[in-house]
Amino acid sequence: MTDERKDEPNSLTSEEDDGESTFSDNTVVTRIDSRPFKGIPKEWHETIQVKHKVTQRVKLYFKCMYSGCKSVFKKSCNLRDHFRKHTGQRPYNCPMCHKTFTQSGNLGRHLKNVHKVPREAQSSHIAAAQAELF
């Protein structure tokens, strides 16, 4: 399995009865227990382990199980951010105009472009918003 193929994670969307299936001739796909995400029901996500039979290399994929959603991510933080599409959560607030954002980088870009706050001065605004999340 190579990183260049964009269609590989999508092939993980098929349901398997036994929790384990062959992804290709040289890999085995296994559904494993997902770690919890704060405020997200366990039924909404699944962690998929893909192990190459020859090299023994293991990759994890994080699949959204929300009704009708087939998104798969290589990083759990991207899945966590993705859940905000389903929950409507916008945890990052602009302290100047109270506009809300789903990601800290979007708040940073807003502060820079709209309010002309230099990047060096943004950290306190973004850190305050992140403190409310965790």
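Moving on, we get to the packing of aromatic side chains. Applying the stated rule across the entire model yields two aromatic pairs. Residues Trp 44 and Phe 83 carry aromatic rings whose centres are separated by 6.2 Å and whose planes lie at 50° to one another, so their mutual orientation is tilted. Taken together, the positions of Trp 44 in the loop between β2 (27-32) and β3 (45-52) and Phe 83 in helix α1 (residues 76-87) put the pair 39 residues apart, joining distant regions of the chain.

Moving on, we come to the environment of Arg 90. When you line up the elements, Arg 90 lands in the loop between α1 and β6 (92-93). Measuring from C-alpha to C-alpha, the distance between Arg 90 and Thr 100 comes to 5.7 Å, with ten residues separating the pair along the chain. Apart from residues no more than four positions distant in its own chain, Arg 90 is found in contact with Thr 100, Phe 101 and Thr 102. Reaching out from Arg 90, the side chain makes a polar contact with the backbone oxygen of Thr 100 at a distance of 2.7 Å.

Together, Arg 109, Lys 112, Lys 116 and Arg 119 give the surface a local cluster of positive charge. Inspection of the secondary structure puts Lys 116 in the loop between α2 (104-113) and α3 (119-133).

Within the largest apolar cluster, eight residues are counted, these being Phe 37, Ile 40, Phe 62, Cys 64, Cys 69, Phe 73, Leu 79 and Phe 83. Those elements that place two or more of their residues in this core are β4 (58-64) and α1. If sequence neighbours within four positions are ignored, Phe 37 has contacts with His 45, Ser 76, Leu 79, Arg 80 and Phe 83. Grouped together as the second largest cluster of nonpolar side chains are seven residues, Tyr 92, Cys 94, Val 117 and Ile 126 included.

For the rest of this paragraph, the subject is the pattern of salt bridges. For the structure shown, the criterion picks out three salt bridges. A salt bridge links Glu 46 to Arg 31; the nearest nitrogen and oxygen atoms lie 3.7 Å apart. Taken together, the residues Glu 46 in strand β3 and Arg 31 in strand β2 connect sequence positions 15 residues apart. Under the relative-accessibility criterion, Arg 31 is labelled buried at 18%. Ionic pairing is found between Arg 84 and Asp 81, a salt bridge with its closest N-O pair at 3.2 Å. One end of the pair, Arg 84, and the other, Asp 81, are both in helix α1, three residues apart, so they sit about a helical turn from each other. Each member of the pair Arg 84 and Asp 81 is classed as buried.

Thresholds applied
Residues numbered from 1 in each chain as written. Predicted model: local features only at pLDDT ≥ 70, side-chain atom pairs only at ≥ 80, totals over all residues. Heavy atoms only, no water. Phe/Tyr/Trp six-rings, centres within 6.5 Å; stacked < 30°, edge-to-face > 60°. Helix = DSSP H or I, 4+ residues; strand = E, 2+ residues; numbered from the N terminus. Contact = heavy atoms within 4.5 Å. Polar contact = N/O pair within 3.5 Å; in protein donor to acceptor, adjacent residues only side chain to side chain. Patch = residues over 30% accessible without salt bridge, like charges linked within 9 Å, V, L, I, M, F, W, Y side chains within 5 Å. Areas by Shrake-Rupley, 256 points an atom, 1.4 Å probe, with all protein chains shown as cover. Salt bridge = Lys/Arg side-chain N within 4 Å of Asp/Glu carboxyl O. Lys, Arg positive; Asp, Glu negative; His and termini not counted. Charge placed at Lys NZ, Arg CZ, Asp CG, Glu CD. Core = buried A, V, L, I, M, F, W, Y, C linked by side-chain atoms within 4.5 Å. Buried < 20%, exposed > 50% of the residue type's maximum accessible area, 1.4 Å probe, protein only.

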